[in-house]
Amino acid sequence: MADFGGNATEGYEQFEATSLYCPHCKETVPVRKKLLLILPEGDEYEYLCIRCGSSVGIKLEKGKEKVKILLEP
Ligand SMILES: [Zn+2]
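Residues numbered from 1 in each chain as written. Predicted model: local features only at pLDDT ≥ 70, side-chain atom pairs only at ≥ 80, totals over all residues. Heavy atoms only, no water.

Novice: An account of the coordination of the zinc ion is requested, with residue identities and associated values reported.
Specialist: Bound to the zinc ion on the protein side are Cys22 (SG), Cys25 (SG), Cys49 (SG) and Cys52 (SG), at distances that span 2.3 to 2.4 Å. For the zinc ion, the 4 donor atoms in the first shell make angles of 103 to 116° at the metal, a pattern classed as tetrahedral. Residue classification places cysteine 25 among the partly exposed positions, given a relative accessible area of 24%. (Donors = N, O, S within 2.8 Å, 3.2 Å for Na, K, Ca; no water. Tetrahedral: all angles 85-135°; square planar, octahedral: opposite > 155°, others 65-115°. Buried < 20%, exposed > 50% of the residue type's maximum accessible area, 1.4 Å probe, protein only.)

Next comes the structure, spelled out in structure tokens:
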């Protein structure tokens, strides 16, 4: 098995066909999703305009739910 120097392209980019209104471009533009914060209640993402790069929205994704088991007597 030959190894070609680890040039493996990990083309697994999470691309969502999301479009939001950008106040700078004054139209609906495709946006890029950027992870901002990892919070206990979910991950906070920022949506950036792919044209001018300004933030056009923030979203909290509640993907991972931590199950808290409270034992009440
Ligand atoms: Zn823009």
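Novice: Got a sec to walk through the pattern of salt bridges? Specific residues and values, please.
Specialist: Scanning all chains against the criterion turns up 3 salt bridges. When the shortest N-O distance is used, the salt bridge between lysine 59 and glutamate 61 registers 3.2 Å. For lysine 59, a relative accessible area of 31% translates into the label partly exposed. Among the charged side chains, a salt-bridge network with shared partners connects Lys33, Lys59 and Glu61. (Salt bridge = Lys/Arg side-chain N within 4 Å of Asp/Glu carboxyl O.)

Novice: Explain the nonpolar core residue by residue, including any values.
Specialist: Counting 6 residues, the largest nonpolar core consists of Cys22, Val29, Val31, Tyr47, Cys49 and Val56. Going through the elements one at a time, strand E2 (27-39) and strand E3 (42-49) are the ones with two or more residues in this core. Apart from the residues within four sequence positions on either side, cysteine 49 is in contact with Cys22, Cys25, Val29, Pro30, Val31, Ser54 and Val56. (Core = buried A, V, L, I, M, F, W, Y, C linked by side-chain atoms within 4.5 Å. Helix = DSSP H or I, 4+ residues; strand = E, 2+ residues; numbered from the N terminus. Contact = heavy atoms within 4.5 Å.)

Novice: Give a description of a nonpolar patch on the surface that names residues and reports values.
Specialist: Taken together, the side chains of Leu36, Leu37 and Ile58 present a nonpolar region at the surface, about 260 Å² in accessible area. The residue isoleucine 58 is located in strand E4 (residues 55-61) in this model. Its relative accessible area of 54% is what places isoleucine 58 among the exposed residues. (Patch = residues over 30% accessible without salt bridge, like charges linked within 9 Å, V, L, I, M, F, W, Y side chains within 5 Å. Areas by Shrake-Rupley, 256 points an atom, 1.4 Å probe, with all protein chains shown as cover.)

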